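Observations on the three-dimensional arrangement
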Amino acid sequence: MERSLSAREIEVLALVARGISNKIIAKDLRISEATVKTHLLHIFAKLGVDDRTAAVTAAMEKGVLRLAK
């Protein structure tokens, strides 16, 4: 059973897709870097992937993320 990403997880993943580092994501979202890493672990588990690149790819394939025009 696939679990959907939360709004915050999508927000984090969208920043990851733009190539933003965990440190900058944390600053931009006003959360700790550890929280960013926790969100990423949840994203990886929900999408069945092991890294940031695979997470972005999987999310785009599922229509969760789109490239900005």
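Scroll up a little and you will see the structure.
First, a word on scope: everything that follows refers to the structure included in this document. (Residues numbered from 1 in each chain as written. Predicted model: local features only at pLDDT ≥ 70, side-chain atom pairs only at ≥ 80, totals over all residues. Heavy atoms only, no water.)

Topic: the environment of Val 16
Relative to the helices and strands, Val 16 resides in helix H1 (residues 7–17). Note: C-alpha distance between Val 16 and Phe 44 (28 residues apart in sequence) is 12 Å. The residues touching Val 16, leaving out its near neighbours within four places in the chain, are Ile 25, Leu 40, Arg 52 and Val 56. (Helix = DSSP H or I, 4+ residues; strand = E, 2+ residues; numbered from the N terminus. Contact = heavy atoms within 4.5 Å.)

Side note on the nonpolar core
Core analysis: the largest hydrophobic core is formed by 20 residues, its most contacted members being Val 12, Leu 13, Ile 25, Ile 43 and Leu 47. Where this core is concerned, the elements lending two or more residues are H1, helix H2 (22–29), helix H3 (33–47) and helix H4 (52–61). It is H3 that contributes the most residues to this core, five residues altogether. If we ignore the near neighbours within four places in the chain, the residues touching Leu 47 are Leu 5, Leu 13, Ala 55, Ala 58, Ala 59 and Lys 62. (Core = buried A, V, L, I, M, F, W, Y, C linked by side-chain atoms within 4.5 Å. Buried < 20%, exposed > 50% of the residue type's maximum accessible area, 1.4 Å probe, protein only.)

Some remarks on H1
Those residues of H1 lying buried are Glu 9, Val 12, Leu 13, Leu 15 and Val 16. Each buried residue of H1 sits inside an arc of 155° when the element is viewed along its axis, so together they form one side. Contacts from the buried residues of H1 go to H2, H3 and H4. (Arc of directions from axis to C-beta.)

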